[in-house]
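Read off the chains here:
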Amino acid sequence: MVKKRVIQKLVIVFHKSYVKLYILAYAAFFWIALPFPLFAQINEFGTRQRMDLSQPPVANPPPKPVDYYQHLLGDWGGGRRWLISHGIDLTPTFMVEAAGNISGGTSQGSDYVGRFGLSVEIDGEKLAGARGLKLHGLMIKKFGRDLSADHLGGDPYSVMELYGSVGTRLQYLYFTEDILNKKVQFGVGRLNQSLLFDSSPIYCNFLSLALCAVPKVLPGANFDGFYNSAKNNWAGFMRYRPIPEIYFQIGAFESSPIHGGTHGFDWSIKNDIGVNIPFQLGWEPGGGKGQLPSHFSVGGYYDTSPLSDIYYDINGNKISATGLKGRIDHGHTAFWAQADHMLWRNGSPSNAGMVIFGNFTTSDPHISAFHKQFSIGFEDVGQIRSRPGDAFGIQVTRTFQSKYKKNYQIEYYDLHEKYPKGILSPQDHEVIIEAQYSFHIYRGFDLQPDFQYIIHPNSQSSIPNSAVFVGRGRISL
């Protein structure tokens, strides 16, 4: 009887500790991945699947041979080969993430999210003889709950990259046209800025939404102007590359709270509030044979949207004292600088090597609770020679909230003896330290354990620092 009670108690502790999910998941990761040899080099870019459902498409990618076996189901019995020969490239992908907060935060617990996506790339020249014309589209279906919302005090820097509005929707659908020997590219359709501006393919190799797909301070400044994830508005852009190493791009994006509606197909303009104009100048040296590539860019945006001030009311007085609506501010800006550089190569695949990166982004603190963000890190692909498709990376992000938002919260407490909107202390800054390892298990199949340590969750010093384990699986069919 005593033995039975002891066993029952151990089972209860094991269940409530939320550790079982991660012990089992990590055991599976290591049991499957470590002894598993890679079946073959897929192509010159290595075997690792570098793209996930939220990763921006790489601008002007180098030419590469068509590979029909970067997918779990291979060539679909010849179907993929036939479609691609006619200019149609379909990629169904399923991703799932499980996360658990094992210490700190507002509570301990676990959540999971998932996403199914179907991307399509149509080559107009192969399909209809329209040289330089391409169509890009992505439909997704998402489900699950966000760990940061449930157990980290509603932290907007979610630890789960997949999380967003639940349901099925169109993420983007737009045309591009290359002219003048691909020196100029025009694009128009339903899309968002995170596909083109202040983004990098390396950012979404990490799971924290502080960095993927763009630094949080950009969409956080105006959710209706600069946006990412599964949102789309009318937009157009132009990229000019006078020489291969240098480019300039500029766009005009509709500012609207609709974002395509519930399913992404509400394309009306009746709710427009302004236009967001992003721009970016880039330098990309080291593209020659045997060279180490680098990417440097600076940019910003100007947004005409009328937005409410977070500190001063319509009469120019402090909102904390009057409780009135914020005054309307017109014409706000944001700026960024980003860089990455490959320090050395790890073999022949072009993506295999040690890459360091950094990003600084700032937005208008008068209308945004998010002000500044710094991120640095590295990713090492193919360090283990027997596993050239694996990758290991670490990134550190430090964010600063708007001083006007913080001052409002302090003044509100002085008047009401409580903080607004349920916060526990003034919001100042937050640090996210993240380490991830990506196991390439088989063609089109990757597993990625991830650990994040969050200092001051939701930018509040009163919330204990949190340790979170996350696991992501990705299958490209």
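Before going into details, it helps to say that this report is about the structure given with it. Worth saying up front: this structure is predicted, and the values here are computed from it rather than measured.

Inspection of every chain in the model, using the stated rule, returns 20 aromatic pairs. Aromatic side chains Trp283 and Phe296 sit 5.4 Å apart centroid to centroid with 25° between the ring planes, which places their arrangement in the stacked category. Taken together, the residues span a long stretch of sequence, with Trp283 in strand 8 (residues 274-283) and Phe296 in strand 9 (residues 294-303) at a distance of 13 residues. Taking relative accessible area as the criterion, Phe296 reaches 33% and is therefore assigned partly exposed.

For the bond from Cys212 to Ala213, the omega torsion is 0°, close enough to zero to count as cis. Along the chain, Ala213 turns up in the loop between strand 5 (184-191) and helix 6 (217-221). The phi dihedral of Asn181 falls on the positive side, at around 60°, and the residue is not glycine. Examined against the element boundaries, Asn181 turns out to sit in the loop between strand 4 (167-179) and strand 5. Look at Asn181 and you get exposed, because its relative accessible area is 73%. Despite not being glycine, Ser459 has its phi angle at roughly 60°, a positive value. Its location among the elements puts Ser459 in the loop between strand 17 (445-455) and strand 18 (466-476). Among the residues examined, Ser459 registers a relative accessible area of 2% and is labelled buried.

With 19 residues, the main nonpolar core has Leu191, Leu196, Phe226 and Phe253 as its most contacted residues. Going through the elements one at a time, strand 3 (133-144), strand 4, strand 6 (233-243) and strand 12 (332-345) are the ones with two or more residues in this core. Listed in part, the 17 residues of the second largest apolar core include Ala99, Val159, Ile454 and Val468.

Rules used in this analysis
- Residues numbered from 1 in each chain as written.
- Predicted model: local features only at pLDDT ≥ 70, side-chain atom pairs only at ≥ 80, totals over all residues.
- Heavy atoms only, no water.
- Phe/Tyr/Trp six-rings, centres within 6.5 Å; stacked < 30°, edge-to-face > 60°.
- Helix = DSSP H or I, 4+ residues; strand = E, 2+ residues; numbered from the N terminus.
- Buried < 20%, exposed > 50% of the residue type's maximum accessible area, 1.4 Å probe, protein only.
- Core = buried A, V, L, I, M, F, W, Y, C linked by side-chain atoms within 4.5 Å.

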